[in-house]
Every structure is written in structure tokens, then in C-alpha cells.
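Fold and contact review
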Amino acid sequence: MKKVFALTLAALTFSSVSQAWIIKGNNTPSPSQPVSRGISVEDCSDSLYQSLSTFSSSTDAACSYGRTDREFQRCTISIAQEIGHQYVQLAGQACATARNTAEANCAIDLYFRGGLYVSNNSMSADGVRVCSNVEKDQLKSCVINQYQTRGKSGIDAARICLEQFDPAVKARREAEQKRIEAEKRAAEAKRQEELRRQEEQRRQQQQAEQKKKDEEARKKEEERKRQEQQQQQTQPSAPVSTPDTGGGVIVDLPNFE
């Protein structure tokens, strides 16, 4: 019955909705992915098909992301009813990769309004990872604002917003800032130490030069004194003046008696 209905529906709507099934990101179902224990992909697909009356290929794809359990089915049906049955594969991807329906809805919102893939591990961020954050409400609003009003790409918007609101990213950024500041302080301390070393070297050099000048001045002064002493010792002694005794002959003075 499902196959007959699917063929009829496909004939009527294939041309108008075929492009809408393309889901952003790395979302090709992998045959090797595990499914929830007890419920096969086929049973899961039948359940979605009966609830949504969409293409069986889409419900098959929706159940091929690794989950088929009842909670996953309820999540997928709920989201598909909100965004359109033709997006059941997108809803299945969100519900399979998110932790709960609220986070899946958040990821879907970022897909349509924030330019992010629902789930794509090859990218630095996607809707599921952003919506798993504690600050998901602030992050979602920030990403949508950056994407729609600031002209940022989804990835750039997510990066900017994660730096603002993600506690882990903020902690890493603060740690990096502290490391940079510590390196600056260390470099400044090293520079100041080098300046002190150079100043001490100049002071010691000036002291050595002054000591050398003082020593040279002392030696010159000692040399001057030594030369003065030598000059005093080599000068001839002045003759001693003695009274004239007449050549040693006693001359009788006239007697005027």
C-alpha cells in the first residue's frame, strides 16, 4: 500500500518538490550506520510514512541516520509537521543527531534562518553542535542576527557567536589572552632587566674611567713633586758672605795723638 501511494504522490508532486529534498551538509545516509535496537529502518520508515504520507524514499532516508526508536520517530514527525512533510529527511537528521527535540528544533531553525548545516562534521560548526550548547538560545539569536543582518556566512556567524557566548570557547579565549599578557609581562620584565644591566654596565664603566683618570692625575702629581725635589737638590748653594779682613794682614792704624 505504501509503495502504491508513494508512486501516485510522486507522479503528482515530483517536479515541484524535488529540489526541496536536498539537505545541506554531509547528510547521505550510510548503510553501515547502526539503528536503534529492536526497530528496523523499514519499520521506522513505515511509521513515518503512515504519519506523514510523504515519499517512502524520504522516510527511508530519515530513518537511516542511526536512530529508529519511538522517541526519534515522535521527534521527526513533530518537526516534519511544522516545517513541511517534504522535509522529513531533514527532520530525521536533526532528531537523530540532536540529544532531544528542543535541540533538533533549534538546529532546524539555524538551517533555515542561520545558514548552518543541520549536522556536518566536516565543518567547524553546525546547527546540532551550536544547539547542544548551554547558551543555545543566545547563540541561536546571535547566529541568526549575524547571518541575516550582518551578512556573515553561517560558519563565520557561528564562530563569532561562540566566541561571545560558549563558556568553553570563552574560557579558551580568556586563557589565551592571559597567556599573551603573561608573555608580554615577561618580555617587559626581560627588557627592564636588560636596561638595568646596561645601566649598571655604564655605571661601572664610568667608575672605571673615573678611577683611571684619578690614578693618572695622582701619578702626574707625584711626578711633579719628584721633579721639584730633584731640581731643589741639583741647584748650587749660594756663597757665604764674610767680612773683609784685609787679606789677613794686620794694618796699623795711624796714631793721631
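Residues numbered from 1 in each chain as written. Predicted model: local features only at pLDDT ≥ 70, side-chain atom pairs only at ≥ 80, totals over all residues. Heavy atoms only, no water.

Some points on the overall build of the protein chain
- From N to C terminus, the protein chain includes 10 helices and zero strands.
- Counting helices and strands in the order they occur from the N terminus, the protein chain gives α-α-α-α-α-α-α-α-α-α.
- Taking all 257 residues of the protein chain together, 31% fall into the buried category.
- Sequence separation of 24 or more characterises 62% of the internal contacts of the protein chain that already satisfy a separation of 6 or more.
- Approximately 17,400 Å² of the protein chain is accessible, and the part contributed by carbon and sulfur atoms is 51%. (Helix = DSSP H or I, 4+ residues; strand = E, 2+ residues; numbered from the N terminus. Buried < 20%, exposed > 50% of the residue type's maximum accessible area, 1.4 Å probe, protein only. Contact = heavy atoms within 4.5 Å. Areas by Shrake-Rupley, 256 points an atom, 1.4 Å probe, with all protein chains shown as cover.)

Brief notes about the state of the cysteines
- In total, this model carries four disulfides according to the counting rule given.
- Across the disulfide, Cys44 is cross-linked to Cys63 (sulfur-sulfur distance 2.1 Å). Because the sign of the S-S torsion sets the handedness, a value of about -75° for the bond joining Cys44 and Cys63 places this disulfide among the left-handed ones. Linking Cys44 in helix α2 (residues 41-52) with Cys63 in the loop between α3 (56-62) and α4 (70-83), this pair joins segments that are 19 residues apart in sequence. (Disulfide = S-S within 2.5 Å.)

Quick word on the packing of aromatic side chains
- Taken as a whole and judged by the stated rule, the model has two aromatic pairs.
- Judged by centre distance (5.4 Å) and plane angle (80°), the ring pair of Tyr87 and Phe112 falls under edge-to-face. Residue Tyr87 is located in the loop between α4 and α5 (88-97), and its partner Phe112 is located in helix α6 (residues 101-113); the two are separated by 25 residues in the primary sequence.
- Here Phe112 falls in the partly exposed class, since its relative accessible area comes to 37%.
- Between Tyr111 and Phe112, the aromatic rings sit 4.9 Å apart at their centres with planes inclined by 80°, giving edge-to-face as the arrangement.
- Among the aromatic residues, ring-to-ring pairing joins Tyr87, Tyr111 and Phe112 into one connected group. (Phe/Tyr/Trp six-rings, centres within 6.5 Å; stacked < 30°, edge-to-face > 60°.)

Details of the side chain of Ser58
- Inspection of the secondary structure puts Ser58 in helix α3.
- Relative accessible area serves as the criterion here: at 4%, Ser58 is assigned to the buried category.
- If near-sequence neighbours (up to four positions away) are discounted, Ser58 is found in contact with Val88 and Gln89.

Quick word on the packing of α5 against α6
- The contact between α5 and α6 brings their axes to 8 Å, and the two run at 130°. As judged from the angle between their axes, α5 and α6 are oblique. Seen from above, α5 lies across α6 with right-handed handedness. Packed against α5, whose contacting residues are Leu90, Ala91, Ala94 and Cys95, the element α6 presents Ala104, Ile108, Tyr111 and Phe112 at the interface.
- Per-class residue counts for the contact of α5 with α6 are eight nonpolar, no polar and no charged. (Axes fitted to C-alpha atoms, helices over the stretch in contact; angles between N-to-C directions. Parallel < 35°, antiparallel > 145°, perpendicular 65-115°, else oblique. Left-handed = near helix turned anticlockwise from the far one by under 90°. Nonpolar A, V, L, I, M, F, W, Y, C, P; charged D, E, K, R; others polar.)

Some remarks on the pattern of salt bridges
- Using the criterion set out here, one finds 19 salt bridges in the structure.
- One salt bridge connects Glu103 with Arg99, and the closest N-O pair in it is separated by 2.7 Å.
- Look at Arg99 and you get exposed, because its relative accessible area is 60%. (Salt bridge = Lys/Arg side-chain N within 4 Å of Asp/Glu carboxyl O.)

Here we look at the confidence of the model for the protein chain
- Overall, the predicted model of the protein chain reaches an average pLDDT of 81, with 77% of residues at or above 70.
- The least confident element of the protein chain is helix α1 (residues 2-17), whose mean pLDDT is 39; the most confident is α5, at 97.
- In this model, residues 1-34 is a region of pLDDT below 50 whose contacts with residues beyond four sequence positions or in other chains number 53 contacts. (pLDDT = per-residue confidence, 0-100.)

Overview of α6
- If you check α6, its first and last C-alpha atoms are 18 Å apart, about what 13 residues at 1.5 Å a residue would give, namely 18 Å.
- Along α6, the residues that are buried comprise Glu103, Ala104, Cys106, Ala107, Ile108, Asp109, Leu110 and Tyr111.
- Where α6 is buried, its residues meet α4, α5, α7 (127-131) and α8 (136-148).
- One side-chain oxygen at the N-terminal end of α6 lies 3.2 Å from the backbone nitrogen of Ala102; it belongs to Asn100.
- Where α6 ends, the next residue or the one after it, Gly115, has phi of about 70°, a positive value. (Expected span 1.5 Å × (residues − 1). Polar contact = N/O pair within 3.5 Å; in protein donor to acceptor, adjacent residues only side chain to side chain.)

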